[in-house]
Amino acid sequence: MDVWYLSHLVCPRDHQDLREDGGRLVCASGHAYPVVEGVPVMLLDDVTQTIGIADASLARAKAALSLPNPANPDLYLDTLGIAPHERRALIALAASGRSPIDPVVAFMVGATGGYMYRHLIGSLASYPIPDLRLPPGGGKTLLDIGCNWGRWSIAAAQKGYDVVGLDPSLGGIMAARRVSQSLGLSCRFVVADARYLPFRADSFDCAFSYSVLQHLSREDVRLVAAGIGRTLKPGGTSLVQMPTNFGVRCLYHQARRRFAEATGFDVRYWTIPALKRLFSRAVGPATISVDCYFGIGLQRADYALMTPMLKVVLVTSEIVRGASRFVPFLKYVADSVYITAVKG
């Protein structure tokens, strides 16, 4: 295991130091966390998980199961949360050796990218790496919360950040490690719950999260924001994407469920003032900027991957986003916004 983990990870329950003990990380109070193929699995087994794949990841980590044949690597399919037919297709794609990219990414791209990426499931020919809206990293540390297969972690590493990706999916994390290594990038990854960040205080220069916190209850989002505030260094920056109440597509989805309160993994929609208050209190002074319109996850860098109709949607979103800099009202009808907060 990378020695970095021992000097930066702490027990997510009580923030105590950890030591290696028989393939586990253990704190002075006896809380133990398995290490799978060098990846720490820091999930808590005595809390209600925010997503079922966390339970599956914890079970797999405790069982310490892995396939012995390196030509047929364990893809941890039961910890990915994909449908049975996708699982069978993923196995076939992996066995064929035809895919130019990691087979897990080929089938997770729709879940991690949004509706504009569904036509690429199983047929993705290149990694859709977005443009991270942060200045060049210059070696600064960045925590990517909810990284899954690592598209934003990779974007940050390519921009010069020293990246740690975190996700509750063991399969997603293993895919992220494979992809980053194949691209020659030195990212680190941890399986953990965003509500209980297993890092020392003042560990990171930046914290980032995209299309993740929207699935958590408001109380859980407050826990995540507090954890970001604790683990950021003084002067550190938090950049978090969230959906809004009044975006066109957000209103459409709320209307489909008759504006009922979200449950489980449903998306929660926030007002811009509420987001600004939350992160200002938990992290530091916060500002809001537009991410995109007509959906969540639209990335200008992926224009070449889109169908003709989706290209029109993407270009229109970019035009309106540019106009929002001069017409403040437009910010309030964006479907997706970024909250930037700086720790004092």
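A quick note: this is a predicted structure, and the numbers were derived from the prediction, not measured.

Scanning the protein from terminus to terminus reveals 10 helices and 11 strands. Relative to the globule expectation of 20 Å for 344 residues, the C-alpha radius of gyration of the protein, 20 Å, shows essentially globular dimensions. Projecting the C-alpha coordinates of the protein onto the three principal axes gives extents of approximately 60 × 50 × 40 Å. Taken over 344 residues, the protein has a buried fraction of 53%. Counting contacts in the protein only where the partners sit at least 6 residues apart, residues at least 24 apart contribute 68% of the total. Only carbon and sulfur atoms are counted for the fraction: they give 56% of the accessible area of the protein, which is about 14,700 Å². Separation of charge centres in the protein, based on 36 positive and 28 negative side chains, amounts to 7 Å.

Turning to the sheet that holds strand 5 (residues 141-145), a few remarks are in order. Reading across from one edge, 7-6-5-8-9-11-10 is the order of the 7 strands in this open sheet, with mixed pairing throughout. Both outer strands of the open sheet, strand 7 (188-191) and strand 10 (286-292), are each paired with one neighbouring strand and no more. Sheet twist, expressed as the average angle between the axes of neighbouring strands with direction ignored, equals 20 degrees. Sheet topology note: the strand 10/strand 11 (residues 336-342) ladder contains 6 bridges and is antiparallel. Its bridge partner being in strand 11, I288 is matched across the sheet by I339. Relative to strand 6 (residues 162-167), helix 5 (residues 151-158) is tilted by about 175 degrees, and along the sheet it contacts strand 5, strand 6, strand 7, strand 8 (204-209) and strand 11.

Secondary-structure assignment places Q299 in the loop between strand 10 and helix 10 (308-324). Given a relative accessible area of 4%, Q299 falls into the buried group. In this structure, Q299 is in contact with Y117, P130, R151, W152, Y210, D291 and L314, ignoring residues within four places of it in sequence.

Attention now moves to the confidence of the model for the protein. Reading fine detail from the predicted coordinates is not recommended where pLDDT is low. On average, residues of the protein score 93 in pLDDT, and 97% of them are at 70 or above. A low-confidence stretch, residues 67-72 (pLDDT under 50), is modelled with 3 contacts involving residues beyond four sequence positions or located in other chains.

A word on unusual backbone geometry. The phi angle at H15 is positive, at roughly 65 degrees, despite the residue not being glycine. Relative to the elements of secondary structure, H15 occurs in the loop between helix 1 (3-8) and strand 1 (18-20). The phi dihedral of F259 falls on the positive side, at around 55 degrees, and the residue is not glycine. Along the polypeptide, F259 turns up in the loop between helix 8 (248-256) and helix 9 (272-282).

Let's shift gears to the nonpolar core. Formed by 59 residues in total, the largest nonpolar core has its most connected members in L90, L132, L142, W149, Y161 and F208. When residues of this core are traced back to their parent elements, those giving at least two are helix 2 (52-63), helix 3 (84-96), helix 4 (103-113), helix 5, helix 6 (170-182), strand 7, strand 8 and helix 10. Contacts of F208, omitting those with residues within four sequence positions, involve L132, L142, L143, D144, I145, W152, L239 and Y338. In terms of nonpolar packing, the next biggest core, distinct from the first, is built from 47 residues, L25, M242, L330 and A334 among them.

Attention now goes to the pattern of salt bridges. Considering all chains together, one arrives at 22 salt bridges under this definition. Of the charged contacts in the structure, one is a salt bridge between K159 and D131, with a shortest N-O distance of 3.7 Å. With K159 in the loop between helix 5 and strand 6 and D131 in the loop between helix 4 and strand 5, this pair connects stretches of sequence that are 28 residues apart. Between R300 and E318 there is a salt bridge whose closest N-O contact spans 3.6 Å. Residue R300 is located in the loop between strand 10 and helix 10, and its partner E318 is located in helix 10; the two are separated by 18 residues in the primary sequence. Since its relative accessible area comes to 52%, R300 is described here as exposed. Overall, the relative accessible area of 16% leaves E318 in the buried class. By sharing partners, the salt bridges in this structure join R13, D45, D46 and K62 into a single network.

Geometrically, a packed helix pair is captured by the angle between its two axes and the distance between the axes. Viewed as axis vectors pointing N to C, helix 7 (residues 218-231) and helix 9 meet at an angle of 40 degrees, and their least axial separation amounts to 8 Å. On the basis of the axis angle, helix 7 is oblique to helix 9. Viewed along their axes, helix 7 and helix 9 form a crossing whose handedness is right-handed. Along its contact with helix 7, which presents V221, R222, A225, A226 and G229, the element helix 9 presents L278, F279 and A282. Grouping the constituent residues of the contact of helix 7 with helix 9 by class yields 6 nonpolar, 1 polar and 1 charged.

Thresholds, definitions, all that
- Residues numbered from 1 in each chain as written.
- Predicted model: local features only at pLDDT ≥ 70, side-chain atom pairs only at ≥ 80, totals over all residues.
- Heavy atoms only, no water.
- Helix = DSSP H or I, 4+ residues; strand = E, 2+ residues; numbered from the N terminus.
- Rg over C-alpha atoms; globule rule 2.2 N^0.38 Å.
- Buried < 20%, exposed > 50% of the residue type's maximum accessible area, 1.4 Å probe, protein only.
- Contact = heavy atoms within 4.5 Å.
- Areas by Shrake-Rupley, 256 points an atom, 1.4 Å probe, with all protein chains shown as cover.
- Lys, Arg positive; Asp, Glu negative; His and termini not counted.
- Charge placed at Lys NZ, Arg CZ, Asp CG, Glu CD.
- Pairing = 2+ DSSP bridges.
- Axes fitted to C-alpha atoms, helices over the stretch in contact; angles between N-to-C directions.
- pLDDT = per-residue confidence, 0-100.
- Core = buried A, V, L, I, M, F, W, Y, C linked by side-chain atoms within 4.5 Å.
- Salt bridge = Lys/Arg side-chain N within 4 Å of Asp/Glu carboxyl O.
- Parallel < 35°, antiparallel > 145°, perpendicular 65-115°, else oblique.
- Left-handed = near helix turned anticlockwise from the far one by under 90°.
- Nonpolar A, V, L, I, M, F, W, Y, C, P; charged D, E, K, R; others polar.

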